[in-house]
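Residue-level listing of the chains:
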Amino acid sequence: MKPYKNKKVIFDLDKTIWNCFDKHKNEIWAKQLVPPFTLESSGNVVDDVGNFCQLRSDVGYFVSEVNSRGIEISFLSVGARLNLPMEFQPSYLLLKKFGLLNFFQGDNKLLYKTARKINFLSDDIFYIFIDDSESVLSDLELKQNVLAIDAKNITTWMGLIKKVDNVLNKID
């Protein structure tokens, strides 16, 4: 395998590491949540009008394990509210409230929905890219330096750490 100058794990956010719902339990996007947010004892984050966000089981463990291996972690999501600075974006605030923001030390991007994620990847970095979007996953198949993982197929994040280790050991 070609040597790369760096390796990164990149996460989509909505429907990948969390699922958000309105107060009637209809699925919504994180950008539709209304701050301020409260972390409840259930582990859910609730917004100002009763909508809520659930972190997928074991995501925190996975992110912590990847971080402990010294691998750069970033998010690249098209779930931004237009013209709102990053620190006020609902997704950013959710990562903070879930206690995950400090793990995301890479080049984080929260983009408007019309952006194509593939345009933000470099050819000299190896990526493990976790996303739920069929169109994004299809784009990523064209890149030889990307292992695309469909978030819809993740049954356990703890099991995924072994796959990440195996792939990254092959590119060292």
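All of the points below concern the structure found in this document. (Residues numbered from 1 in each chain as written. Predicted model: local features only at pLDDT ≥ 70, side-chain atom pairs only at ≥ 80, totals over all residues. Heavy atoms only, no water.)

Counting buried positions along strand β9 (residues 125-131) yields seven of seven residues, so the element is predominantly enclosed. Where strand β1 (residues 6-11) lies against β9, six bridges are found, and the strand directions are parallel. Among the inter-strand pairings, F11 is bridged to a residue of β9, identified as I130. (Buried < 20%, exposed > 50% of the residue type's maximum accessible area, 1.4 Å probe, protein only. Helix = DSSP H or I, 4+ residues; strand = E, 2+ residues; numbered from the N terminus. Pairing = 2+ DSSP bridges.)

The strands that make up a sheet are held in pairs by hydrogen bonds between backbone atoms, and each pair lies either parallel or antiparallel. Read across the sheet, five strands follow the order β8-β7-β1-β9-β10 without closing on themselves; strand pairing throughout is parallel. Only two strands of the sheet have a single neighbouring strand rather than two, namely β8 (109-110) and β10 (146-150). Each of β1, β7 (72-77) and β9 is contacted by helix α1 (residues 59-68), which is oriented at about 170° to β1, the strand it contacts most. (Contact = heavy atoms within 4.5 Å. Axes fitted to C-alpha atoms, helices over the stretch in contact; angles between N-to-C directions.)

Along the chain, D131 falls in strand β9. Residue D131 is classed as buried on the basis of its relative accessible area, which comes to 0%. At 2.5 Å, the side chain of D131 and the side chain of K117 are in polar contact. (Polar contact = N/O pair within 3.5 Å; in protein donor to acceptor, adjacent residues only side chain to side chain.)

Within the secondary structure, I161 sits in helix α4 (residues 157-171). Owing to a relative accessible area of 5%, I161 belongs among the buried residues under this scheme. Counting along the chain gives 99 residues from I161 to F62, while the straight-line C-alpha distance between them is 6.5 Å. The residues touching I161, leaving out its near neighbours within four places in the chain, are F62, E65, V66 and R69.

This part is about the packing of α1 against α4. Viewed as axis vectors pointing N to C, α1 and α4 meet at an angle of 25°, and their least axial separation amounts to 8 Å. Regarding the angle of α1 to α4, the classification is roughly parallel. The two elements α1 and α4 meet at a crossing, and its hand is right-handed. Along the contact surface, α1 presents V59, Y61, F62, E65 and V66, while α4 presents W157, M158, L160, I161 and V164. (Parallel < 35°, antiparallel > 145°, perpendicular 65-115°, else oblique. Left-handed = near helix turned anticlockwise from the far one by under 90°.)

So far we have only geometry, and geometry alone does not tell us how the molecule works.
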